[in-house]
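A look at the structure
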Amino acid sequence: MKKLAVMVIATVAVSVSTVLASEGEKIFKSKGCGTCHKPNVNTVGPSLKHIAEVYKQKNGDLVAYLKGQADAIVDPKKAAMMKNYLRPLKSLSDEQIKALADYILSH
Ligand code: HEC
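Below you will find a few notes about this structure. (Residues numbered from 1 in each chain as written. Predicted model: local features only at pLDDT ≥ 70, side-chain atom pairs only at ≥ 80, totals over all residues. Heavy atoms only, no water.)

1. Some details on the overall build of the protein
Going by this rule: Secondary structure counts use DSSP, requiring at least four H or I residues in a row for a helix and at least two E residues in a row for a strand, with both numbered from the N terminus. Whether a residue is buried, partly exposed or exposed follows from its accessible area with a 1.4 Å probe, protein chains only, as a fraction of its type maximum: under 20%, in between, or over 50%, in that order. Note that accessible areas follow from Shrake-Rupley with a 1.4 Å probe, and for residues the cover is restricted to the protein chains shown.
Each helix and strand in the protein was counted, giving five helices and zero strands. With 107 residues in all, the protein has 24% of them scored as buried. Only carbon and sulfur atoms are counted for the fraction: they give 62% of the accessible area of the protein, which is about 7300 Å².

Structure, rendered in structure tokens:
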């Protein structure tokens, strides 16, 4: 019986994290972020891979950045370009911001 409970909990945990990652990708696409951020190559904005690397290296808080509570650490000289795109994120819930951050950091 105990074993069954553990299995049920594990299954639920896995499906929740999968939902979050795909939710994050959906938000990323619906907000037009992909215009400037490609997965692996730097274009107008840094690639998602580069952003994930910098945040991991510097132990940055991506959730705080996306909420407008932390300064840019990837390419601060161009931070003004990003500012306009952070504004519409204010309407997202904490869970949605977390999902978006997880999606970016998964690269
Ligand atoms: C018009 C082009 C453009 C769009 C659209 C855009 N970005 Fe950016 N983004 C940039 C540029 C340029 C930078 C580099 C400046 C910087 O690091 O702040 C950047 C940087 C970032 C960073 C790194 C911030 C840091 O710490 O330096 C994140 C995270 C990010 N963008 C997420 C997003 C998300 C999420 C969206 C969609 C809501 C988005 N971007 C839409 C151009 C864009």
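Now that the structure has been shown, the text picks up again.
2. Thoughts on the site of the ligand
Counted only if it meets this: By convention in these notes, a residue is near a molecule or strand provided one of its non-hydrogen atoms lies within 4 Å of it. Think of a polar contact as two N or O atoms within 3.5 Å of one another; within protein, one of them needs to be a possible hydrogen donor and the other a possible acceptor, and neighboring residues in sequence only count if both atoms come from side chains. Charged means Asp, Glu, Lys or Arg here, nonpolar means Ala, Val, Leu, Ile, Met, Phe, Trp, Tyr, Cys or Pro, and polar covers whatever is left, Gly included.
Not every one of the 24 residues close to the ligand is listed here, only the nearest: Cys33, Cys36, His37, Tyr55 and Met82. Within the side chain of His37, an N or O atom sits 2.8 Å from a nitrogen atom of the ligand. Put simply, the parts of the chain that give the shell around the ligand at least two residues each are helix H2 (48–57), helix H3 (62–66) and helix H4 (79–86). For the shell around the ligand, the class distribution of residues is 18 nonpolar, three polar and three charged.

3. A short note on helix H5 (residues 94–105)
Along an α-helix, residues three or four apart share an orientation, since each turn contains 3.6 residues. As a reminder, the rule being used: Under the convention used throughout, the expected extent of a helix is 1.5 Å for every residue step, that is, one less than its residue count.
Over its 12 residues, H5 runs 16 Å from end to end, which matches the ideal 16 Å to within 8%, given 1.5 Å per residue. Considered for burial, the residues of H5 that qualify are Ile97, Ala99, Leu100, Ala101, Tyr103 and Ile104.

4. Looking at the coordination of the iron atom of the ligand
Basically, it comes down to this: Only nitrogen, oxygen and sulfur atoms count as donors, using a 2.8 Å cut-off from the metal that widens to 3.2 Å for Na, K and Ca. Water is left out, so coordination shells may look unfilled. Any coordination sphere not matching a tetrahedral pattern (four donors, all angles between 85 and 135 degrees) or a square planar or octahedral pattern (four or six donors, opposite donors over 155 degrees apart, other angles between 65 and 115) is reported as irregular.
Distances from the iron atom of the ligand to its protein donors, namely His37 (NE2) and Met82 (SD), fall within the range 2.0 to 2.1 Å. One can describe the donor arrangement at the iron atom of the ligand as octahedral, given that its six donor atoms subtend angles of 86 to 179 degrees at the metal. Of this pair, His37 sits in the loop between helix H1 (2–30) and H2 while Met82 sits in helix H4, and the two are 45 residues apart along the sequence. With a relative accessible area of 23%, Met82 lands in the partly exposed category.

Remember that the coordinates give geometry; whether it matters functionally is a separate question.
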